[in-house]
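So the chains spell out like this:
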Amino acid sequence: MTTTIDDIQVSPAGQQFPRPIQEGQQHVYLHAGPFLFELQAVSHTAAANLEIQGAPASLLLGNVSDPRLRVRVPIPVRIVREGNTFVASFDAVDEFGYGQNRSEALEDLAKSIAALYFSLAAQNERLGEDLKSVRSRLDQYLERRLSR
Amino acid sequence: MKVREFEILVNKLELKTRDSRDRHAWFEHEGTVFTRTKRSHGHGDLPQHLIRQQLKLSEQELAGIVGCTLYRADYVAILRRKGIIKP
């Protein structure tokens, strides 16, 4: 039996929202853009609540929210909670994003990665060795889309 | 890290900045860009350890800069010692 879910809204782990559940399978995987979440139904009533559990502490990012860039290799992201702030980090290039929930942190990170890519490209001739290495690592994950 | 402390870093290290969606800051010495960091314009505490990592600073060194016992010249010496600025 398959759980029916319509128009799921991505939420941070622990937040509840009403959604009719017909029956069945407890675990549903929601792939929303570059994000993958695991949902577990906690009730089988007609107007049951869904509680998001097990939001991943690490995942792969496939989109940096910039139409000029394409992700060649999925970007490994670590997400931690620090007090009231969620922090998502791409450790290979020391870049991070943060926000009030995982989604905000991931979106902030995605945009920061894109901004870093173009910033380093613009300053390429003036970069020290360490930042040149960062640029080189970024090039392994990202490439510019060809303009049509 | 609070926004106020981030701005102290910017001022003490004389970081160059650019404001767009985020506030980007980078350290230049003799025409070369050696480190960079950023903060968002949104709410919430900034992840201090990650900003430290971007600026190649230890906890103690960061505290020194924010606490006004270390300045830009000290930062240059720190980066030289760590091999980020090569002779």
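Below you will find a few notes about this structure. Please read these numbers as outputs of a predicted model, since none were measured by experiment.

The rules we used
Residues numbered from 1 in each chain as written. Chains lettered and ligands numbered in written order. Predicted model: local features only at pLDDT ≥ 70, side-chain atom pairs only at ≥ 80, totals over all residues. Heavy atoms only, no water. Contact = heavy atoms within 4.5 Å. Buried area = accessible area lost by both parts, 1.4 Å probe. Salt bridge = Lys/Arg side-chain N within 4 Å of Asp/Glu carboxyl O. Polar contact = N/O pair within 3.5 Å; in protein donor to acceptor, adjacent residues only side chain to side chain. Helix = DSSP H or I, 4+ residues; strand = E, 2+ residues; numbered from the N terminus. Nonpolar A, V, L, I, M, F, W, Y, C, P; charged D, E, K, R; others polar. Expected span 1.5 Å × (residues − 1). Buried < 20%, exposed > 50% of the residue type's maximum accessible area, 1.4 Å probe, protein only. Arc of directions from axis to C-beta. Core = buried A, V, L, I, M, F, W, Y, C linked by side-chain atoms within 4.5 Å.

## Details of the interface of chain B and chain A
- Contacts between the two partners involve 28 residues from chain B and, on the opposite side, 24 residues from chain A.
- The largest contributions to the chain B side of the interface with chain A come from Val33(B), Arg36(B) and Lys38(B), which together make up 26% of the buried area.
- In this assembly, chain B and chain A are joined by six salt bridges.
- Glu28(B) is paired through a salt bridge with Arg126(A); the nearest N and O atoms lie 3.0 Å apart.
- Scanning the region where chain B abuts chain A turns up 17 residue pairs in polar contact (both at pLDDT 80 or more).
- In terms of residue count, the dominant contributor to the side of chain B that touches chain A is strand β3 (residues 32-40) of chain B (eight residues).
- Taken together, the residues that form the side of chain B that touches chain A break down as eight nonpolar, 10 polar and 10 charged.

## Regarding helix α2 (residues 129-141) of chain A
All names here are of chain A.
- Look at α2: 19 Å from first C-alpha to last across 13 residues, which is about the 18 Å you get at 1.5 Å a residue.
- Within the span of α2, buried status applies to Leu 131, Val 134, Arg 135, Leu 138 and Tyr 141. Within α2, the buried residues cover an arc of 115° as seen down the axis, which keeps them to one side.

## A short note on the nonpolar core
- Judged by nonpolar contacts, the single largest core of 30 residues is most densely connected at Val64(A), Ile75(A), Val77(A), Phe90(A), Ile113(A), Leu138(A) and Leu142(A).
- Mapped onto this core, the elements with two or more residues apiece are β5 (58-61), β6 (69-71), β7 (75-82), β8 (85-90), α1 (102-122) and α2 of chain A.
- Residue contributions to this core peak at 10 residues, all from α1(A).
- Leave out the neighbours within four places in its chain, and Phe90(A) touches Ile75(A), Pro76(A), Glu95(A), Leu109(A), Ile113(A), Leu138(A) and Tyr141(A).
- Core analysis: the second largest hydrophobic core is formed by 27 residues, Val87(A), Phe6(B), Phe27(B) and Tyr75(B) among them.

## Describing the pattern of salt bridges
- In this structure the tally under the stated criterion is 21 salt bridges over all chains.
- The closest approach of N and O atoms between Arg70(A) and Glu143(A), which form a salt bridge, is 2.5 Å. In this pair, Arg70(A) is assigned in strand β6 and Glu143(A) in strand β10 (residues 142-144), connecting sequence segments 73 residues apart.
- Between Lys56(B) and Asp130(A) there is a salt bridge, and its shortest N-O distance comes to 3.2 Å. A residue pair is termed interchain when its members come from two chains, as with Lys56(B) in the loop between α2 (48-55) and α3 (59-66) and Asp130(A) in helix α2.
- Looking at Asp130(A), the relative accessible area reads 23%, which means it is partly exposed.
- Residues participating in the shared-partner salt-bridge network are Asp108(A), Arg21(B), Asp22(B) and Lys38(B).

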